[in-house]
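The chain contents come next:
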Amino acid sequence: MEIVETDIVVVGGGGSGLRAAIAAAIADPKLKIALVSKVVPMRSHTVAAEGGSAGVIRGDDSLAKHFDDTVSGGDWLCDQDAVQYFVEHCTEEMVQLEHWGCPWSRRDDGSINVRFFGGMTVQRTWFAADKTGFHILHTLFQTSIKYPSIERYDEYFVADLLVENGQVRGVLAIEIATGAFVLFQCKAVVMATGGAGRIYAQNTNAGIVTGDGMGLAFRHGAPLRDMEFVQYHPTCLAGTGILITEGCRGEGAILTNKDGYRYLQDYGLGPVDPWPRPKAMELGPRDRLSQAFWHEDQKGNTIPTPKGTVVNLDLRHLGAQKIHERLPLITEVAKIFAGVDPVTQPVPVRPAVHYTMGGIASDRTTATGIAGLFTAGECSSVGIHGANRLGSNSLAELSVFGKVAGEAAAAFARDTSVARSAAGIQREATAAAGGLEAMLLSDRGSRVAELRDAMGACMEHGVGIFRTENGMQQACTTLAELRVRYRAGVKLDDHGKAFNTEWLSAIELGFMLEVAEAMAHAALQRQESRGAHVRLDDYKSRDDENFLKHSLARYSVDGPPAIDWQPVNITTSPPRQRSYGGAGKQAELT
Amino acid sequence: MTARSIRIECLRYDPATDKEPRWQGYDVPYEDDTSVLQGLQYIKDHLDGSLTFRWSCRMAICGSCGAMVNGVPELSCHTFLKDYAPGPVRVEALENFPIIKDLVIDQTDFLNKLEAAKPYLVPKEERTLAEGAYNQTPAQLAEYYSYAQCINCLLCYAACPQYGLTADFMGPAALALMHRYNTDSRDQGWEARAEVANAEEHVWGCTLVGYCSEVCPKSVDPAHAVNLIKLQSAKDYMQPYAQRLKKVLPL
Ligand SMILES: Cc1cc2nc3c(=O)[nH]c(=O)nc-3n(C[C@H](O)[C@H](O)[C@H](O)COP(=O)(O)OP(=O)(O)OC[C@H]3O[C@@H](n4cnc5c(N)ncnc54)[C@H](O)[C@@H]3O)c2cc1C
Ligand code: SF4
Ligand code: FES
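Residues numbered from 1 in each chain as written. Chains lettered and ligands numbered in written order. Predicted model: local features only at pLDDT ≥ 70, side-chain atom pairs only at ≥ 80, totals over all residues. Heavy atoms only, no water.

A. Expanded view of the site of ligand 1. Residues and elements named next belong to chain A. Around ligand 1, 37 residues are found, and the nearest of them are Ser16, Ser44, His45, Thr46 and Glu378. Side-chain polar atom of serine 16 to an oxygen atom of ligand 1: 2.7 Å apart, as the coordinates give it. Here glycine 52 contributes a backbone N or O atom positioned 2.8 Å from a nitrogen atom of ligand 1. The protein chains hide 99% of the 1000 Å² of surface that ligand 1 would expose on its own. Elements represented by at least two residues in the shell around ligand 1 include exactly helix H1 (15–27), strand S3 (33–37), strand S8 (156–164), strand S16 (347–356) and helix H10 (393–415). Among the elements that line the shell around ligand 1, the one with the most residues is H10, at 4 residues. Residues that form the shell around ligand 1 fall into these classes: 12 nonpolar, 20 polar and 5 charged. (Near = heavy atom within 4 Å. Polar contact = N/O pair within 3.5 Å; in protein donor to acceptor, adjacent residues only side chain to side chain. Areas by Shrake-Rupley, 256 points an atom, 1.4 Å probe, with all protein chains shown as cover. Helix = DSSP H or I, 4+ residues; strand = E, 2+ residues; numbered from the N terminus. Nonpolar A, V, L, I, M, F, W, Y, C, P; charged D, E, K, R; others polar.)

B. A look at the packing of aromatic side chains. Residue and element names in this part refer to chain A. Applying the stated criterion across every chain, the model contains 17 aromatic pairs over all chains. Centre to centre, the rings of tyrosine 200 and tyrosine 232 are 6.2 Å apart; their planes meet at 80°, and the pair counts as edge-to-face. With tyrosine 200 in the loop between strand S11 (188–191) and helix H5 (212–219) and tyrosine 232 in strand S13 (residues 230–236), this residue pair connects regions lying 32 residues apart in the sequence. Tyrosine 232 gets classed as buried once you look at its relative accessible area, which sits at 8%. For the pair tryptophan 294 and phenylalanine 466, a centre-to-centre distance of 4.5 Å together with 55° between the ring planes defines the contact as tilted. Here the residue tryptophan 294 occupies a position in helix H7 (residues 286–298), and phenylalanine 466 occupies one in strand S20 (residues 466–467), the gap between them amounting to 172 residues. (Phe/Tyr/Trp six-rings, centres within 6.5 Å; stacked < 30°, edge-to-face > 60°. Buried < 20%, exposed > 50% of the residue type's maximum accessible area, 1.4 Å probe, protein only.)

C. Region of interest: the site of ligand 2. In the neighbourhood of ligand 2, the contacting residues comprise Cys150(B), Ile151(B), Asn152(B), Cys153(B), Leu154(B), Leu155(B), Cys156(B), Ala173(B), Cys216(B), Pro217(B), Val220(B) and Pro222(B). Among the residues making up the shell around ligand 2, the classes are represented as 11 nonpolar, 1 polar and no charged.

D. Broad picture of unusual backbone geometry. Residue Asp273(A) is joined to Pro274(A) through a cis peptide bond whose omega torsion reads -5°. Inspection of the secondary structure assignment puts Pro274(A) in the loop between strand S14 (254–256) and H7. That bond from Gly87(B) to Pro88(B) is cis: its omega, 0°, falls within 30 degrees of zero. Counting through the fold element by element, Pro88(B) comes out in the loop between strand S4 (72–75) and strand S5 (89–92). Positive phi outside glycine occurs at Asn70(B), with the angle close to 50°. Inspection of the secondary structure puts Asn70(B) in the loop between strand S3 (66–69) and S4.

E. Representation of the domain arrangement of chain B. Residues and elements named next belong to chain B. Along its sequence, chain B is organised into domain 1 (5–105) and domain 2 (108–245). With 17 residues of domain 1 in contact, the opposing surface of domain 2 contributes 15 residues. Buried surface at the junction of domain 1 and domain 2, summed over both partners, amounts to about 1100 Å²; 68% is from carbon and sulfur atoms. In terms of surface lost to domain 2, no three residues of domain 1 exceed Pro73, Asn96 and Phe97, which account for 47% of the buried area on that side. (Domains from an automatic or database assignment. Contact = heavy atoms within 4.5 Å. Buried area = accessible area lost by both parts, 1.4 Å probe.)

F. The arrangement of the environment of Gly471(A) in detail. Along the chain, Gly471(A) turns up in helix H13 (residues 469–488). C-alpha of Gly471(A) to C-alpha of Ala49(A): the two residues are 422 residues apart in sequence and 32 Å apart in space.

G. Local environment of the interface of chain A and chain B. Listed by partner, the interface residues are 65 residues for chain A and 62 residues for chain B. When chain A packs against chain B, the two sides together hide about 5100 Å² of surface, and 54% of this comes from carbon and sulfur. Three residues, Arg43(A), His99(A) and Gln142(A), lead the burial of chain A against chain B; their summed loss comes to 14% of the area buried on that side. Connecting chain A to chain B are 8 salt bridges. (Salt bridge = Lys/Arg side-chain N within 4 Å of Asp/Glu carboxyl O.)

Structure representation (structure tokens):
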């Protein structure tokens, strides 16, 4: 097996991984950094982010407001020390991206322009048209080329993590083009593998968003935190799940039901006027909007289509010029994938899974339960999103905590002088590779697609927008069965080593099944409703007395994960009622 | 609605077992909004798990899924089967690149060229973070913005006869990216990039066919970018000799 000796391995070439690699290279140019990614970095899912990234710059805004919006948006399950650090560093990171060339949209005088986003009181979302993630990702990728100490391993699939005595010692990867195993021996690892949205049948995520890093850390003893909180985005195309950005509503788009009625006013988000105004109606938070859709659906107020029921996202009153200037990608996407021109027709939308709030538990410095393992981006749970992430906080998170992770990993690598008794690690790597090779040869059992589709359907059904004891229990049972079937063997048609994507998707499926179990079991045990976790059974309201705490899922080899609980770090903002619309205004005044 | 079906013929190649690429056909059900990519996914999920292709975003922004569809370079995720009815539709790896397997090409050469273009901001004026963002008016942004839309999908390389002939040619997207930074009001990197651009096989390699701009799914117009770089390079060349000498000799 080929062995690569390096100081730091960054797993993931998305926004968070690239930011971490650059930070580590700047922190100490003498360290060797391997940037390992299963796709060439600019193909990473960050590329699809549309709306924008938060950072306080207006005179009428303040860090305190960004803090409050984030903490109340997260239904008080946020770690407030992490949120404080976050809001203090967002703007400087946005400026850093600008200095690296990011083409932020501007005002006429050449200064940065910001837009409204759901759940944010003030305009603070930096945007690059409606291709913010695309521009951030390409800017970071292109900037990373400047740093010679970053060695890229494009299209290398990380299949295992090597941990010895509670300390990370390396990663095992597959060079996708040849199928060869490569062992990276290192002192520190930054896990930056993105979310796990593909666990659900209908989602806005790219095909590569399969929770690999969560699964890897989980299997090696790092707990996954707050996994029950899965965000549904209210406005996605039926069938494909392709996202229609919240930026549309930020610009003033409205949601109407089959009667042309702005139904959100019936769900505590009204009154309708004046419009647009922050944190009300269409600019309410995502969980509330997705839940309102569900109720409308139950009442028969949605519009049936062959791909599922929908409501209308209407942009027409914005006019052609504004639509084309501010929302060019969405115009193109709506035309190509939904066959409608938003200038003249409303866009049919429905909720789909969008974001995993939970992830690998880390503290404010991105350190995890495994020494030398740091984490950033959507695969991490640094504690800023709580029970519901606000749109435009995650692109900011990538930069802010990507940098922290890169610097932390550099410091750790510098201070660690492991005696490289690598024999143990190499043995472990060989054993892991043996298991993966056996899988490659398997020609019995279920197909990948069969297990994957069953998983997606059972999660939508049992651990969806609304949850019940029965439904979640059923999902847990189904997942356990699927895991047994998975272990019994997945039937592959392709047994070759070169670019075997069927094999890789079988490995990904293994991660997804385990991460899904963490979601379902944590959900089942959270006997309250909070943020994106809403129950229709006996636990309809928030219960601060018993559940103002993080869930921690711990891996077990054969059975379901064990769930235990961790206190939330509350510094300045004690839990209050979370209100939007007219009630929100009132709550703010009092 | 009765399910319609169409035949997708894929050019298959497995380096371990095939001497030559070969065609293999599959019948795939489709609706009006079924993309070619979804057709390929159907094959992989249900008919033949060994068919190999790249994809990720399925919304025309990650640049992974380029293929020749009936001989034309396309993003398979935003090309629709209904437009090829009654079929068959032929799908093969992008032209001008070595095939790793089936529809998967080797993109290493492009990535090297992209790096050679020095695609990062070389600031005119250093600024600390505390000093805030550079000023850039919407008009200045518009100068380079279209060249910043490239998703590195490589359709233009598949369309470029010159790249097919001389693999040394830097090619449309890398040159467009170079131009994107050259025209950014915050940048002063032209000198560093000029050397690369001026080399015979780079900007001067382009023979102005223009098919690259035609196939570009993001309206980047790389052909126009190449022309503008040529103009810039020619201006450099016309500089008085003394000035040019100054650069070469430590006068
Ligand atoms: C459609 C869409 C729109 C969005 N819009 C916004 C927005 O407007 N504002 C906002 O703040 N947020 C937005 N988000 C959320 C945000 O884009 C993501 O949370 C964020 O981009 C995730 O970045 P990341 O770096 O953590 O992961 P990713 O960008 O997903 O990158 C993950 C990386 O890990 C690598 N990787 C994964 N597994 C492996 C493995 N096994 N081996 C090797 N490499 C691996 C991948 O190759 C990839 O490079 C949006 C999300 C979606 C889905
Ligand atoms: S210039 Fe256009 S065709 Fe060429 S790689 Fe970029 S986006 Fe693709
Ligand atoms: S799959 Fe991303 S461009 Fe087609």
